[in-house]
Amino acid sequence: MRNAYVDQFPAEARVVKSAFWSSFLALAIGGIFGLVQALHRTDVLRFIDSTDYYTVLTAHGVLLAITFTIFFLVGIFTWAVTTSLDRGVVDIRFTWSWYVMMVTGTVLVAVAIFSGFLEEPPSILGSELYADVLFTFYSPLQAHPIFYIGLVLFVVGTWLAGFDWFRTWWAWRDENADERIPLPTFMVLTTTLFWYICTLGVALSILAFLLPWSLGIVDSVNPLLTRTLFWYFGHAVVYFWLMPTYVMWYIMLPKLSGGKLFSDPLARVVFVLFLLLSTPLGIHHQYLDPGIAEGYKFIAMTNTMFLLLPSLLTAFTVVASMEHGARQRGGEGYLGWLTALPWRDPVFTGMALAGLMFAAAGFSGMINAGMNINYLVHNTWWVVGHFHLTVGTAVALTFMAAAYWFIPQVTGKELWSRSVALGQVLLWFVGMTFMSNAMHRSGLFGMPRRTAEPQYQNFDFEPAVGTVAEMDAQVALGAVLLVVSLVLFLLNMVLTSFNGTSDSIPDNTYAGTLSGPEDAPEILDNLKLWTAIAVVLVIFAYTLPLASIVESGGLFGPGIDGRQLSLGADLEPALETLREVVA
Amino acid sequence: MSSATERETGDRAVESDSGDIGTVRELGHDEFDPIGTLILIAIYFAILVMLWLFMYFVEFLGNGPTVVGSLATVVGLA
């Protein structure tokens, strides 16, 4: 008898399926906009006006970095909690409510962004409807209030989703008081906890500053403050995208390889480290911001380097789990076991190639994180190359590969074509290799990011190796291959949904462990403790920089609002001393 | 299960419809020695070291010293 996810949890499967389709829709639109940008920037094909470039760029960034990733995340996390706890959510109406709230928020955000394409955008709430503010949306760029309201609804939707997972776990815990938290649920809960911590920053930024500013309630804001509050959230959101990918690598990839997860305790340690360290390092995006002392930037760099640890632990654990599978499948030799892995399985191959790209992204990420070398690549195309390896491949390719397993699970329908799926994941890998390597190299000689026309009069870029034309050609070719791959993916998903139901869908299971939770110290499951430490680390990393920014620039801009933060007579000398020490 | 999209063939999948060979032996915690993983990670670290050396030339000899000018002076690069 078939035992797929849709058979076990039919109501939850409908929500998960809806979340996946929401994410695919965002991927389709955002991905095509990526091609438009690549062809425009490289001057291969320019059919939009350069003044519309930022509308395209904003749609590309928001739809892919926020909508595609997070809708897929809520689908995977709902699956992970219900499957590993072996029970449904507490109230499916509540589950639908957060999904609808996220969709509503997305629609509002999209309407605001897409109005930017109109010759004469309509005037609503007293201002023109547009939102050419890029994915980072901090001031001085200003969007229409509807954009910010949409973002708030979307984020509150994710908060409710997190509450839904927590209360499902609480209900399970009441019946299983002595049991360890199952690993997939543990991963979901730790990720949700740091999401709550980091989104407080963006909520404060929007509700206290950007939204009142766009509504005309306040005349100005402190740009450095909104930037810092954005990056307080903006780097943790990177790990929010990445954690469902890690969930897939830890609990699916070992099974797909034919083996077991090498170590459950190590996986728990990794997720605890992400809970602790994801947020107190956002200032590493602001190494070139004047107004933040070097000492605070150094603290952010140190925290960032510490965060390499869980990624390197993951590299070891996941590769060891794959090796275990390969050797169980008959693999031999020091490296000969690699040939015993199921490379013809698109789910495995997609995830494994995504992991390989992530290893390369680890190097370029270390360059970004280093304070001195960051000066070389800051705001260049290098950075764009880097995050197309992380969110654009490690995350996106893993999600697409995972969809080949998940869509049959939540629909009961067999995948339309495994061969097309395999070709699709390979094509993505090849396309991204062309595009990303050229972007990285362009950054090394200073080619800027976020510009429609990177050609300047009386100035030529001087690459050490190759030519600008060659790199532009690689970017354009890579972007075309990526969109072809994207079309193949969507085609496979659509045609799968037209398939009839099948009895040969694999069981809904995830990987067993070689070293299970019984080997993990119980303190690892003490979520209150880790959350408290995470909050303390955030307070250490951000109190002084934020106080300093507000003191020098005011809450709503220097010398404009007259509301300077008063630190009190006792704190002021101590702050001065600390500032001297770290500056 | 050896392949995510294979047809179900029971607890111990032997061969999927793509021709992949399934599990042929069970390896427990104590029998498994991840020597191949060690080799791959050693190769990765070697690549990282080479890339860092490469970045040294890009950063210091290509574009001149930036924020560590004093160090560059000490080592005779500036």
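In this text, all values refer to a predicted model and were calculated from it rather than measured experimentally.

Things to note about the overall build of chain B
Now for step 1: Scanning chain B from terminus to terminus reveals 2 helices and 0 strands.
Now for step 2: The buried share of chain B, reckoned over its 78 residues, is 31%.
Now for step 3: Counting every atom, chain B has about 4,800 Å² of accessible surface; 66% of that belongs to carbon and sulfur.

Looking at a nonpolar patch on the surface
Now for step 1: Taken together, the side chains of Tyr334 and Leu335 of chain A together with Ile43, Ile47 and Met50 of chain B present a nonpolar region at the surface, about 490 Å² in accessible area.
Now for step 2: Assignment of secondary structure puts Met50 of chain B in helix α1 (residues 35-62).
Now for step 3: Relative accessible area serves as the criterion here: at 53%, Met50 of chain B is assigned to the exposed category.

With respect to the interface of chain B and chain A
Now for step 1: Residue-level contacts link 42 residues of chain B with 48 residues of chain A.
Now for step 2: Taken over both partners, the interface formed by chain B and chain A buries close to 4,100 Å², and the fraction arising from carbon and sulfur atoms is 64%.
Now for step 3: Viewed at the interface, chain A and chain B are joined by 1 salt bridge.
Now for step 4: One salt bridge in this structure joins Arg25 of chain B and Glu332 of chain A, with 3.1 Å as the shortest N-O distance.
Now for step 5: Between the two partners, chain B and chain A, sit 11 residue pairs in polar contact (both at pLDDT 80 or more).
Now for step 6: Of the residues belonging to the side of chain B that touches chain A, the class tally is 21 nonpolar, 12 polar and 9 charged.

Considering the side chain of Thr496 of chain A
All names here are of chain A.
Now for step 1: Within the secondary structure, Thr496 sits in helix α17 (residues 468-498).
Now for step 2: Polar contacts involving the side chain of Thr496 include one to the main-chain amide nitrogen of Trp416, which spans 2.9 Å.
Now for step 3: Ignoring any residue separated from it by four or fewer positions in sequence, one finds Thr496 in contact with Ile407, Lys413, Glu414, Leu415 and Trp416.

Brief notes about the pattern of salt bridges
Residues and elements named next belong to chain A.
Now for step 1: Taken as a whole, this structure holds 12 salt bridges over all chains when the rule is applied.
Now for step 2: With a shortest N-O distance of 3.8 Å, Glu175 and Arg87 are connected by a salt bridge. Here Arg87 lies in the loop between α3 (53-85) and α4 (92-114) and Glu175 lies in helix α5 (residues 145-175), a separation of 88 residues in the sequence.
Now for step 3: For the salt bridge of Arg93 with Asp91, the shortest nitrogen-to-oxygen distance reads 3.2 Å.
Now for step 4: Using a relative accessible area of 64% as the deciding quantity, one classes Arg93 as exposed.

Some points on the packing of α5 of chain A against helix α6 (residues 183-214) of chain A
All names here are of chain A.
Now for step 1: Interhelical geometry of α5 versus α6 gives an angle of 155 degrees and a closest axis separation of 9 Å. In terms of orientation, α5 lies roughly antiparallel with respect to α6. For the pair α5 and α6, the crossing hand works out as left-handed.
Now for step 2: Of the residues contributing to the contact of α5 with α6, the split by class is 21 nonpolar, 6 polar and no charged.

Looking at the confidence of the model for chain B
All names here are of chain B.
Now for step 1: Residue-level pLDDT values for chain B average 66, and 46% of them are 70 or greater.
Now for step 2: Within the model, the stretch residues 1-21 combines pLDDT values under 50 with 63 contacts to residues more than four positions away or in other chains.
Now for step 3: Note on residues 65-78: pLDDT is under 50 here. Beyond four places in sequence and across chains, it has 15 contacts.

Notes on the packing of aromatic side chains
Residues and elements named next belong to chain A.
Now for step 1: The tally for this structure, following the rule as stated, stands at 55 aromatic pairs over all chains.
Now for step 2: Taking 5.8 Å as the distance between ring centres and 80 degrees as the angle between the ring planes, the aromatic pair formed by Trp79 and Trp405 counts as edge-to-face. Linking Trp79 in helix α3 with Trp405 in helix α15 (residues 381-411), this pair joins segments that are 326 residues apart in sequence.
Now for step 3: For the ring pair Tyr404 and Phe489, a centre distance of 5.7 Å and an interplane angle of 65 degrees mean the geometry is edge-to-face.

Considerations on a negative patch on the surface
Residues and elements named next belong to chain A.
Now for step 1: On the surface, Asp49, Glu119, Glu120, Glu128 and Glu453 cluster together into a patch of negative charge.
Now for step 2: Examined against the element boundaries, Glu119 turns out to sit in the loop between α4 and β1 (123-124).
Now for step 3: With a relative accessible area of 79%, Glu119 lands in the exposed category.

Structural notes on helix α12 (residues 308-328) of chain A
Residues lying three or four places apart along an α-helix face the same way, a consequence of the helix completing one turn every 3.6 residues.
All names here are of chain A.
Now for step 1: Here α12 is 21 residues long and its end C-alpha atoms lie 30 Å apart, about the 30 Å a rise of 1.5 Å per residue gives.
Now for step 2: Along α12, 15 of the 21 residues are buried, which leaves the element largely enclosed by surrounding structure.
Now for step 3: Positive backbone phi, at 100 degrees, marks Gly330, one or two positions downstream of α12.

Quick word on the nonpolar core
Now for step 1: In terms of nonpolar packing, the biggest core is built from 189 residues, with Phe147, Tyr246, Tyr250 and Met351 of chain A touching the most fellow members.
Now for step 2: Counting residues per element, this core draws most heavily on α3 of chain A, at 19 residues.
Now for step 3: Leaving out residues up to four positions away in the same chain, Tyr250 of chain A has contacts with Met187, Leu261, Ala267, Val270, Phe271, Leu313, Thr314, Thr317, Val318 and Ala511 of chain A.
Now for step 4: Counting residues in each nonpolar core, the second largest holds 12 residues, with Met366, Val377 and Trp382 of chain A together with Met55 of chain B among its members.

Topic: the packing of α3 of chain A against α15 of chain A
Between two packed helices, the angle of one axis relative to the other and the distance separating the axes together describe the packing.
Residues and elements named next belong to chain A.
Now for step 1: Packing of α3 against α15 brings their axes to within 11 Å, and their N-to-C directions diverge by 40 degrees. The pairing of α3 with α15 is recorded here as oblique in orientation. Read as a crossing pair, α3 and α15 show a hand that is left-handed. Across from His60, Phe68, Thr69, Phe72, Ile76 and Trp79 in α3, the residues of α15 making contact are His388, Val391, Val395, Ala396, Phe399, Ala402, Ala403, Trp405 and Phe406.
Now for step 2: Broken down by class, the residue content of the contact of α3 with α15 amounts to 12 nonpolar, 3 polar and no charged.

Some details on the side chain of His284 of chain A
All names here are of chain A.
Now for step 1: Along the chain, His284 falls in the loop between α10 (264-277) and α11 (294-306).
Now for step 2: Within polar-contact distance, the side chain of His284 engages the side chain of His285 at 3.2 Å.
Now for step 3: Within the local environment of His284, its side chain forms a polar contact with the side chain of Thr304, the two groups lying 2.6 Å apart.
Now for step 4: Filtering out sequence-adjacent residues up to four positions away, His284 remains in contact with His235, Ala300, Thr304 and Asn374.

Details of the environment of Phe72 of chain A
Residues and elements named next belong to chain A.
Now for step 1: Residue placement: Phe72 occurs in helix α3.
Now for step 2: Here the alpha-carbon distance between Phe72 and Phe24, two residues 48 residues apart in the chain, equals 8.3 Å.
Now for step 3: Apart from the residues lying within four places of it in its own chain, the contact partners of Phe72 are Phe20, Ser23, Phe24, Phe399, Ala402 and Ala403.

Rules used throughout
- Residues numbered from 1 in each chain as written.
- Chains lettered and ligands numbered in written order.
- Predicted model: local features only at pLDDT ≥ 70, side-chain atom pairs only at ≥ 80, totals over all residues.
- Heavy atoms only, no water.
- Helix = DSSP H or I, 4+ residues; strand = E, 2+ residues; numbered from the N terminus.
- Buried < 20%, exposed > 50% of the residue type's maximum accessible area, 1.4 Å probe, protein only.
- Areas by Shrake-Rupley, 256 points an atom, 1.4 Å probe, with all protein chains shown as cover.
- Patch = residues over 30% accessible without salt bridge, like charges linked within 9 Å, V, L, I, M, F, W, Y side chains within 5 Å.
- Salt bridge = Lys/Arg side-chain N within 4 Å of Asp/Glu carboxyl O.
- Contact = heavy atoms within 4.5 Å.
- Buried area = accessible area lost by both parts, 1.4 Å probe.
- Polar contact = N/O pair within 3.5 Å; in protein donor to acceptor, adjacent residues only side chain to side chain.
- Nonpolar A, V, L, I, M, F, W, Y, C, P; charged D, E, K, R; others polar.
- Axes fitted to C-alpha atoms, helices over the stretch in contact; angles between N-to-C directions.
- Parallel < 35°, antiparallel > 145°, perpendicular 65-115°, else oblique.
- Left-handed = near helix turned anticlockwise from the far one by under 90°.
- pLDDT = per-residue confidence, 0-100.
- Phe/Tyr/Trp six-rings, centres within 6.5 Å; stacked < 30°, edge-to-face > 60°.
- Lys, Arg positive; Asp, Glu negative; His and termini not counted.
- Charge placed at Lys NZ, Arg CZ, Asp CG, Glu CD.
- Expected span 1.5 Å × (residues − 1).
- Core = buried A, V, L, I, M, F, W, Y, C linked by side-chain atoms within 4.5 Å.

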